[in-house]
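Now for the letters of each chain:
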Amino acid sequence: MRRATLDALLAARAAKRAVVLATRLGDGAQHLWPEEALPGALAEAAQAALDLDKPQTIALDGEAWFLQPFSPPLRLIVVGAVHVAQALAPLAATLGYAVTIVDPRRAFATEERFAGVALNHDWPDEALTALAPDARTAVVTLTHDPKLDDPALDVALRSRAFYIGALGSTRTHAKRVARLKEMGHEDGAIARIAAPVGLDIGAVTAPEIALSIMAEIVQRRRGPKRRAP
Amino acid sequence: MSDDILATAAAWADAGEQVALATVVETWGSSPRPAGSMLAVTASGRMAGSVSGGCIEGAVAEAARETMRTGAPQLLDFGISDERAWEVGLACGGKLKVFVEKLA
């Protein structure tokens, strides 16, 4: 790889721009698309690799090309700068997620409690609207407070977020469902919410709950591989 | 994750190291790492990332040293049918192709 190509790739990553590295396997010739133009069929294949978010090897005019997509990181928006969030943020970062913590309560969402994590002090509906969750975004509400969780869930349910989870018991969630219905959400849409949040691994401590949440998010994105015995 | 490896490779090159990049380009069967997985190697022996569960990293690093010397990229095949299977075959029975190139 030419150093200029590597630098362009790293610059695209920093700017959160999706790019595809096209490598001709026969001689190692490389192009970074779309910064560099590619002939029609190759550009189409590059777009397909990006859409699938999966590398592809294709044959074109007798030449093998490896198309490697580099998408911006997945995002995790956490509503509630609570104890579980302190465990969740570093774990999610390790898993490659760009984390934003939303909490208007400045006593909770402090740099001291969340060193190096993006903090947003706006009211959750405004924050979520501005952050605009897309199909590469997970949203988790942790405040336990309907005043904060509900407006976030209201926006999340109207987005394409691939995962929406809400902390709280089955009973708490039943009441939440009733409130979300009053806000005009259909049963089918509300069923998108993972609640109680996280895989049922019997999590007790904050790090364990964080682990169960991230496990469920990974499972939602990748899908389970093995069938139950 | 491969962006961290690329950033590491850039940092190594900035520090004056010779660097090669290895990328899994195709897999068959139960290969431990998917296509797109990357390994950065320096002539001095530093490694970042992975192209397998550790089964073939040694052989890839050896090929990488050759590529750093010659400048010519290589496309390596690993699998149970490989004649070097005893040394560098995949215990899992998978097969994969690894592209090795010099950072120049």
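Residues numbered from 1 in each chain as written. Chains lettered and ligands numbered in written order. Predicted model: local features only at pLDDT ≥ 70, side-chain atom pairs only at ≥ 80, totals over all residues. Heavy atoms only, no water.

**As for the packing of helix α5 (residues 146-157) of chain A against helix α6 (residues 170-182) of chain A**
Residues and elements named next belong to chain A.
Inference 1: Two numbers describe how α5 lies on α6: the axes approach to 11 Å, and their chain directions differ by 60 degrees. Considering their axes alone, α5 and α6 lie oblique with respect to each other. Every pair of crossing elements has a handedness; the one defined by α5 and α6 is right-handed. Packed against α5, whose contacting residues are Pro146, Asp149, Asp150, Leu153 and Leu157, the element α6 presents Arg176, Arg179 and Leu180 at the interface.
Inference 2: Considering only residue class, the contact of α5 with α6 consists of four nonpolar, no polar and four charged. (Axes fitted to C-alpha atoms, helices over the stretch in contact; angles between N-to-C directions. Helix = DSSP H or I, 4+ residues; strand = E, 2+ residues; numbered from the N terminus. Parallel < 35°, antiparallel > 145°, perpendicular 65-115°, else oblique. Left-handed = near helix turned anticlockwise from the far one by under 90°. Contact = heavy atoms within 4.5 Å. Nonpolar A, V, L, I, M, F, W, Y, C, P; charged D, E, K, R; others polar.)

**Some points on the domain arrangement of chain A**
Inference 1: For chain A, the assigned domains read domain 1 (3-70) and domain 2 (75-222).
Inference 2: Centre-to-centre, using C-alpha coordinates, domain 1 of chain A lies 34 Å away from domain 2 of chain A. (Domains from an automatic or database assignment.)

**Some thoughts on the interface of chain B and chain A**
Many descriptions give the size of an interface as the accessible area lost when the pieces come together.
Inference 1: Between chain B and chain A, the residue contacts involve 23 residues of the former and 18 residues of the latter.
Inference 2: Between chain B and chain A, the buried area comes to about 1600 Å², and carbon and sulfur atoms account for 64% of it.
Inference 3: For the pair chain B and chain A, the interface holds one salt bridge.
Inference 4: Two residues, Arg3 of chain A and Asp14 of chain B, come together in a salt bridge whose shortest N-O distance is 3.0 Å.
Inference 5: Counting every contact that joins chain B to chain A gives eight residue pairs in polar contact (both at pLDDT 80 or more).
Inference 6: Of the residues forming the side of chain B that touches chain A, the biggest block, seven residues, is contributed by helix α1 (residues 2-14) of chain B. (Buried area = accessible area lost by both parts, 1.4 Å probe. Salt bridge = Lys/Arg side-chain N within 4 Å of Asp/Glu carboxyl O. Polar contact = N/O pair within 3.5 Å; in protein donor to acceptor, adjacent residues only side chain to side chain.)

**Focus on the pairing of strand β8 (residues 137-141) of chain A**
Residues and elements named next belong to chain A.
Inference 1: Burial analysis of β8 places five of its five residues in the buried class, which makes it a mostly covered element.
Inference 2: Here β8 shows two buried faces, one formed by Thr137, Val139 and Thr141 and the other by Ala138 and Val140.
Inference 3: Where strand β5 (residues 75-79) lies against β8, five bridges are found, and the strand directions are parallel. In the strand pairing of β8, Ile77 is matched with Val139.
Inference 4: Alignment of β8 against strand β9 (residues 163-166), held across four bridges, turns out to be parallel. Opposite Val139, over in β9, you have Ile164 as the bridge partner.
Inference 5: As for the winding sense of the linkage, the β-α-β connection from β8 through α5 to β9 is right-handed. (Buried < 20%, exposed > 50% of the residue type's maximum accessible area, 1.4 Å probe, protein only. Pairing = 2+ DSSP bridges. Right-handed = clockwise from strand over helix to strand, strands pointing away.)

**Concerning the sheet that holds strand β4 (residues 63-70) of chain A**
All names here are of chain A.
Inference 1: Taken in spatial order, the four strands line up as β2-β1-β4-β3 in an open sheet, and their pairing is antiparallel. At either end of the open sheet lies a strand with only one pairing partner, and these are β2 (30-33) and β3 (56-60). In this sheet, neighbouring strand axes are inclined to one another by 25 degrees on average, regardless of whether the strands run parallel or antiparallel.
Inference 2: Judged from the six bridges that link them, strand β1 (residues 19-24) and β4 form a sheet pairing that is antiparallel. Its bridge partner being in β4, Arg24 is matched across the sheet by Trp65.
Inference 3: Relative to the sheet, helix α1 (residues 3-14) contacts β1, β2 and β4, its axis offset from that of β1 by approximately 155 degrees.
Inference 4: Along the sheet, helix α2 (residues 40-52) makes contact with β1, β2, β3 and β4, crossing β4 at roughly 40 degrees.

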